[in-house]
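One-letter residues, chain by chain:
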Amino acid sequence: MSQLRINGRLYTLDADPRMPLLWALRDILGLTGTKYGCGAGLCGACTVHVDGKPARACLTSVQSLEGKSVTTIEGLQDDKLKDSWRRHKVPQCGYCQTGQLMSASALLSQNPNPSDAEIDSAMSGNLCRCGTYTRIRDAIRDHAR
Ligand code: FES
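Residues numbered from 1 in each chain as written. Predicted model: local features only at pLDDT ≥ 70, side-chain atom pairs only at ≥ 80, totals over all residues.

Participant: Outline the overall build of the protein chain, listing residues and values.
Facilitator: Scanning the protein chain from terminus to terminus reveals five helices and five strands. Relative to its length of 145 residues, the protein chain is compact, with a C-alpha radius of gyration of 15 Å against a globular reference of 15 Å. With the C-alpha coordinates of the protein chain rotated into their principal frame, the extents come out at 45 × 25 × 25 Å. Among the 145 residues that make up the protein chain, the fraction classed as buried is 38%. In the protein chain, once contacts between residues fewer than 6 apart in sequence are set aside, the share between residues at least 24 apart is 63%. (Helix = DSSP H or I, 4+ residues; strand = E, 2+ residues; numbered from the N terminus. Rg over C-alpha atoms; globule rule 2.2 N^0.38 Å. Buried ≥ 20, exposed ≤ 12 C-beta atoms within 10 Å, placed from the backbone. Contact = placed C-beta atoms within 7 Å.)

Set out below in structure tokens:
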């Protein structure tokens, strides 16, 4: 049994403690906003926050989260960022976007006015096959204004 605090709610999980958080979120808890891309820590589609910092849910075991607080896209409170994303029509296919938003939110909470270089560096681990990088940067800049 593992206990997980996700989006402010405590869940008790009867699962292998080595199970990646991504599987627990999607297959057990029905929190499917966090996406499976590569499963190997390379694409960023599964980005969540653990104690406010971005983390790859595909590489984070359930047992490593004891006493920590997880936020998924379902619990992301930043309406200003979501509005900025909509205003700039960032998503194309949309698959990677929840991970992009979680990374952008983590960046902005630590650095409310990032430079383009800081944006590119913070977002470099989130891949987008549609190439929405310019719009992502614009949306983050807009949020920072
Ligand atoms: Fe986790 Fe790609 S699915 S980084």
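Still more to cover.
Participant: So what's going on with the sheet that holds strand β4 (residues 53-56)? Which residues, and what values?
Facilitator: Here five strands make up an open sheet; going across it, the order is β2-β1-β5-β3-β4 and the pairing mixed. The strands lining the two open edges of the sheet, one partner per strand, are β2 (9-13) and β4. Neighbour-to-neighbour, the strand axes of this sheet turn through a mean angle of 40 degrees, independent of strand direction. In the packing of helix α3 (residues 97-110) onto the sheet, contacts are made with β3 (47-50) and β4, and the angle to β3 comes to roughly 35 degrees. (Pairing = 2+ DSSP bridges. Axes fitted to C-alpha atoms, helices over the stretch in contact; angles between N-to-C directions.)

Participant: Talk me through the domain arrangement of the protein chain; I want residue IDs and the actual numbers.
Facilitator: With domains assigned, the protein chain is organised as domain 1 (2-75) and domain 2 (79-144). Just the C-alpha atoms count here: the centres of domain 1 and domain 2 sit 21 Å apart. With 15 residues of domain 1 at the interface, the matching set in domain 2 holds 12 residues. Taken together, the elements giving at least two residues each to the side of domain 1 that touches domain 2 come down to β3 and β4. Ranked by the residues each element gives to the side of domain 1 that touches domain 2, the list is headed by β3, at three residues. Looking at side-chain class alone, the side of domain 1 that touches domain 2 contains six nonpolar, seven polar and two charged residues. (Domains from an automatic or database assignment. Nonpolar A, V, L, I, M, F, W, Y, C, P; charged D, E, K, R; others polar.)

Participant: Talk me through the nonpolar core; I want residue IDs and the actual numbers.
Facilitator: By size, the foremost hydrophobic cluster in this structure holds 33 residues, and its most contacted members are Leu 21, Ala 57 and Ala 104. Looking at this core, the element that brings in the most residues is α3, giving five residues. Formed jointly, this core draws a minimum of three residues from each of two domains, domain 1 (2-75) and domain 2 (79-144). (Core = buried A, V, L, I, M, F, W, Y, C linked by C-beta atoms within 7 Å.)

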